[in-house]
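# Topology and contacts: notes
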Amino acid sequence: MSFDFIANEAKWRSNWANDESNTVDVNAMEDKYYVLVMFPYPSGDRLHMGHWYQYGLMDTWVRYQRMQGKNVFFPMGFDAFGLPAENYAIKHGIHPDISTTKNVNYMLEQFEKMGVSYDFNYKVDTSKPDYYKWTQWIFSTLYKNGLAYKKEAPVNWCPGLNTVLANEQVIDGKDERTGYEVVQKNLAQWFFKITDYAEKLLDNLETLDWPSKTVAMQSNWIGRSEGTEIEFAMEGHDWNFKVFTTRPDTLFGVTYVTFAPEHQKVLEITTDEQRDSVQDYIEQTAKMKEVDRLSTAKEKTGVFTGAYAINPVNGEKIPIWISDYVLVTYGTGVVMGVPGHDERDFAFAEAFNLPCRKVIQEPNTELSSTLKSAYTEPGIVLNSGKYDGMNSLEMKTKITNDLESNGKGQKKVNFRLRDWLVSRQRYWGAPIPIINCPNCGEVLVPEDQLPVLLPENVEFKPTGESPLRNCEEFYHTTCPKCGGPATREVDTLDTFVCSSWYYMRYPDAHNQAQAFDKDITYKMLPVDKYVGGPEHACMHLLYARFVNMVMHDLGYVPTAEPFTSLTHQGMILGPDMQKMSKSKGNAISPDEYVENFGSDILRLYLCFGFNYVEGGPWSEGGFKSASRFAERCARLMEEKVELLTSSLPEQSYSSADKKLLYVLHNSIKGVNQDTQRFMFNTSIARLMELYNAITDYENNSTAETINNFLMQQTLKTFLVLLSPFMPHFCEEWWQLSGEQQSIFNQKFPAHDNQFLQLDEIKMAVMINGKRRDEVTVSASSTEDQVLNVALDSTKVQKHLEGMQIIKQIFVKGKLINLIVKPS
RNA sequence: GCCCAGGUGGCGGAACUGGUAGACGCGUUGGACUUAAAAUCCAAUGUCCUUUGGACGUAUCGGUUCGAUUCCGAUCCUGGGUACCA
């Protein structure tokens, strides 16, 4: 008769639900430990294997932390707004609220079957008015503090459908569904002024316990660069324009200037002869993606405008071009072209036969005036008037100061980071709480009129405007200021706005009067451990930090940073090493495995088969290995059930006992160390070693000595060690071993060093860095003693024949390395 | 293209700050049990060779070091992100 994992799980799920063992009261909580896992978005799908991996294993981690005595707050919710539900509605005519709610309910069932200990009493759903009311409040708060504004920005416009498309809907410049060509079009959009916080977002990074790769990515994304803004005069116009450069030392090498094709002034400066080609080029550029525009592998394209600028340092007349490698969103939207000392400029000048002037000489080389490629390193300045002979690094400061005193330029810090575009021309999102009044202009909806409810009956006709525009009873309203007729903002908020503050809402999830009570956020924030995918490194994680910083500045939260410590989980791939997807047919459904094998075994496999941070491909064989181990454990417990409940005297330890105790304590040590740092796979490996040691002990014992106190205690410790990884299974056997309390109320075992002390150890003997033998020596051996034992080895002697030892390296407890040469 | 990771047996993966590469497991092979199979248990298992021994081996090439999977440089490949998927 074998153990019924599935029936056992059903029993404990209902027991745990009845005694509410998963829920905490934040008001009564002392010394909180807030563990947050990025919430799932039910807008498109249900929980898949990746979610199981993320949420199931974090439950294991949290169970472990609780058994370490931490008071864990471990909430869960749903990021329910988003594009997939809306697309589903367009395709199938099912309202997003219906499809999303259905998915949420299904996911809740899945979570239940997982046997996880998330606290659903603090659940949030971002698509419900009791949540998005406060998302709107976040918008209002930013707006009131001058951090939300409206300006024109380009969007992916599908002229065939009259709609805005998401980047992922545009494939090769075409709408993926209809094949219509997509162009960039300017629309008025709402932005959050995240750039105001660029410096602080960058500086604070070093205070965070985050993966270094995430810090590096965010730091590059913010992209601080120090340089100089230089003013160029226009020939034949009475205005100037600015360029930003990090290389003012190459100013004498400028042979042309390039505007971004979208730059406002382009059509103004273009001469009549050039107008047609410039206009063509602008249209072409509008069809391109930014990634392609910036590719340095792509051949450079551009058009001459017919206009000229004046170099402020030498009065030279230089041609003005437009080219797609210049972006209107970065710097001033104009760059100075220095073919001699910038690779892209070099390629551009080569393509259009523009002159290339050398103004920096490589140090320690013969002076020559020709350049075969751009020289981008520092060097000695030449062809630069009074700066000739200077070191180019020195010249940077000098010329910037000179330009500053002439009023022709200034030092400038530039960021690559752009303001956060938060408006979406979509239905399934939180409405932006703004009213446009013909008399009063842009008016914020007063707090007591929030939430601005998302109307239910909306048609998704492509009219070129947000779907909400078609809902007349939503669109037409009265102005909160003057009471006259007015219209509502019809754009909705980016779902990243919803997820930028959810961790503030969780501890006070049911507050009707405010987004959160300050006393509670001060008590419960910041999040102590945040876990989610690395794909969020630059967007969600940056947006959340920004919103938290603003809230901190306004006194709502205790710290500037929301997430003290961060870990990323890896991705579970299909057996074919590809990302799982329905369309590829390589998706593995967790539900099936839960039904056939039980959630403990699925969890055990996910723990054992992967490095948590890296993920990897699903493997049937790997799953089987977990299932076999689980069954072996069940057999062991079944055999020993009588022993577990007997009362036995303590004993003195034989050498076999000591061997078992060594493995036991080594496993305890390993499981503690590894689980803490998310190395679930090696934790399980240590438990397998312990299992093997238990069976070895049995095989080498006599009938009288098998069922002793040590065996009983080892088995019970084994159960506690395994409990975070197989919660239902261990809870059952803990109870069957006569315990009244839940196993999860146990303190997690700690190892005792006295059982890990070995009298004898094995050390490697190396000759010229190659391992030649292994010797057994007493653990306290000195270098000389080890050398003597090593020299006794015939293997070693063989390698020493005709050699003399010229050096020896001794690493205590590890090896001795003899360096020899022929004598 | 740019930013950031990763590349270790037939496979999943170990190896803490440079110190015995391949823990743990899957698979395979052989054996035990069985009428037989499954399950289970035991043993072997990086590759190659002239096999009581030895050479090679952590994507490739090079460097630093007594010693490199680990540090440095170059190259190739795979993955994540690239601002409207979340």
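Now for a quick tour of the structure.

## Quick word on helix H9 (residues 275-285)
Residues lying three or four places apart along an α-helix face the same way, a consequence of the helix completing one turn every 3.6 residues. Buried within H9 are the following residues: Val278, Tyr281 and Thr285. The arc that holds every buried residue of H9, seen down its axis, measures 65°, which confines them to one face. Of the exposed residues in H9, the ones pointing more than 90 degrees away from its buried face are Asp276 and Glu283. Taken together, the buried residues of H9 touch helix H8 (266-269), helix H10 (290-294), strand S11 (303-310) and strand S12 (317-322).

## Here's the deal with the sheet that holds strand S24 (residues 529-532)
Judged by pairing direction, the sheet is parallel, and its four strands sit side by side in the order S2-S1-S24-S25 without closing on themselves. Two strands lie at the open edges of the sheet, namely strand S2 (71-73) and strand S25 (566-568), each paired on one side alone. Looking at each pair of strands side by side, their axes are set apart by 20° on average, direction ignored.

## Quick look at the sheet that holds strand S21 (residues 476-478)
Taken in spatial order, the four strands make up an open sheet running S20-S19-S22-S21, and their pairing is antiparallel. Two strands lie at the open edges of the sheet, namely strand S20 (441-444) and S21, each paired on one side alone. Neighbour-to-neighbour, the strand axes of the sheet open up by a mean angle of 40°, direction not taken into account. Sheet topology note: the strand S19 (residues 434-437)/S20 ladder contains four bridges and is antiparallel. Each residue of the ladder has a partner; that of Cys437, found in S20, is Gly441.

## Focus on the protein's contact with RNA strand B
Residues in close proximity to RNA strand B total 69 residues, the closest being Asp79, Asn167, Arg426, Gly609 and Arg771. Among atoms of RNA strand B positioned within 4 Å of the protein, sugar and phosphate together represent 70%. Between Lys624 and RNA strand B, the recorded distance is 2.8 Å, taken from a side-chain N or O atom to a phosphate oxygen. A distance of 2.4 Å separates a base oxygen of RNA strand B from a polar side-chain atom of Arg771. Of the residues forming the surface near RNA strand B, the biggest block, seven residues, is contributed by helix H22 (residues 680-699). Along the lines of polarity and charge, the residues of the surface near RNA strand B split into 25 nonpolar, 22 polar and 22 charged.

## Considerations on a nonpolar patch on the surface
Taken together, the side chains of Tyr88, Ile94 and Ile98 define a hydrophobic patch exposed on the protein surface, amounting to about 270 Å² of accessible area. Along the chain, Tyr88 falls in helix H3 (residues 83-92). Here Tyr88 falls in the partly exposed class, since its relative accessible area comes to 36%.

## Here we look at the pattern of salt bridges
Applying the stated criterion to the full structure yields 31 salt bridges. Across the salt bridge formed by Lys386 and Asp402, the nearest N and O atoms sit 3.2 Å from each other. Highlighted residues: Lys386 in the loop between strand S15 (380-381) and helix H12 (392-406) and Asp402 in helix H12, separated in sequence by 16 residues. Accessibility expressed as a relative area gives 63% for Lys386, which makes it exposed. What makes Asp402 buried here is its relative accessible area of 14%. Three or more residues are tied together by salt bridges with common partners; here these are Asp59, Arg63 and Arg603.

## As for the nonpolar core
Counting residues in hydrophobic clusters, the biggest one holds 173 residues, and the most contacted among them are Met49, Met58, Tyr503, Phe546, Leu606, Trp618 and Phe729. Look past the residues within four positions of Tyr503 in its chain and what remains in contact with it is Tyr34, Leu36, Leu525, Val527, Ala544, Asn548, Pro562 and Phe563. Counting residues in hydrophobic clusters, the runner-up holds 33 residues, among them Val266, Ile269, Ile360 and Leu403.

## Considerations on the packing of helix H19 (residues 599-608) against H22
Packing of H19 against H22 leaves a shortest axis separation of 6 Å and a crossing angle of 110°. Here H19 is positioned roughly perpendicular relative to H22, judged by the angle of their axes. Judged by residue contacts, Leu604, Cys607 and Phe608 of H19 engage Phe680, Asn681, Ile684, Ala685 and Met688 from H22.

## With respect to the environment of Leu710
Inspection of the secondary structure puts Leu710 in helix H24 (residues 709-722). Residues in contact with Leu710, not counting those within four places in the same chain, are Gln651, Tyr653, Asp657, Leu660, Leu661 and Tyr697.

## Concerning the side chain of Thr258
On the secondary structure map, Thr258 appears in strand S10 (residues 256-259). Given the relative accessible area of 0%, Thr258 is considered buried. With residues up to four places along the chain from it excluded, the contact list for Thr258 reads Trp321, Ile322, Ser323, Tyr325, Val326, Gly333, Val334, Val335 and Phe348.

What counts as what
- Residues numbered from 1 in each chain as written.
- Chains lettered and ligands numbered in written order.
- Predicted model: local features only at pLDDT ≥ 70, side-chain atom pairs only at ≥ 80, totals over all residues.
- Heavy atoms only, no water.
- Buried < 20%, exposed > 50% of the residue type's maximum accessible area, 1.4 Å probe, protein only.
- Helix = DSSP H or I, 4+ residues; strand = E, 2+ residues; numbered from the N terminus.
- Arc of directions from axis to C-beta.
- Contact = heavy atoms within 4.5 Å.
- Pairing = 2+ DSSP bridges.
- Axes fitted to C-alpha atoms, helices over the stretch in contact; angles between N-to-C directions.
- Near = heavy atom within 4 Å.
- Polar contact = N/O pair within 3.5 Å; in protein donor to acceptor, adjacent residues only side chain to side chain.
- Nonpolar A, V, L, I, M, F, W, Y, C, P; charged D, E, K, R; others polar.
- Patch = residues over 30% accessible without salt bridge, like charges linked within 9 Å, V, L, I, M, F, W, Y side chains within 5 Å.
- Areas by Shrake-Rupley, 256 points an atom, 1.4 Å probe, with all protein chains shown as cover.
- Salt bridge = Lys/Arg side-chain N within 4 Å of Asp/Glu carboxyl O.
- Core = buried A, V, L, I, M, F, W, Y, C linked by side-chain atoms within 4.5 Å.
- Parallel < 35°, antiparallel > 145°, perpendicular 65-115°, else oblique.

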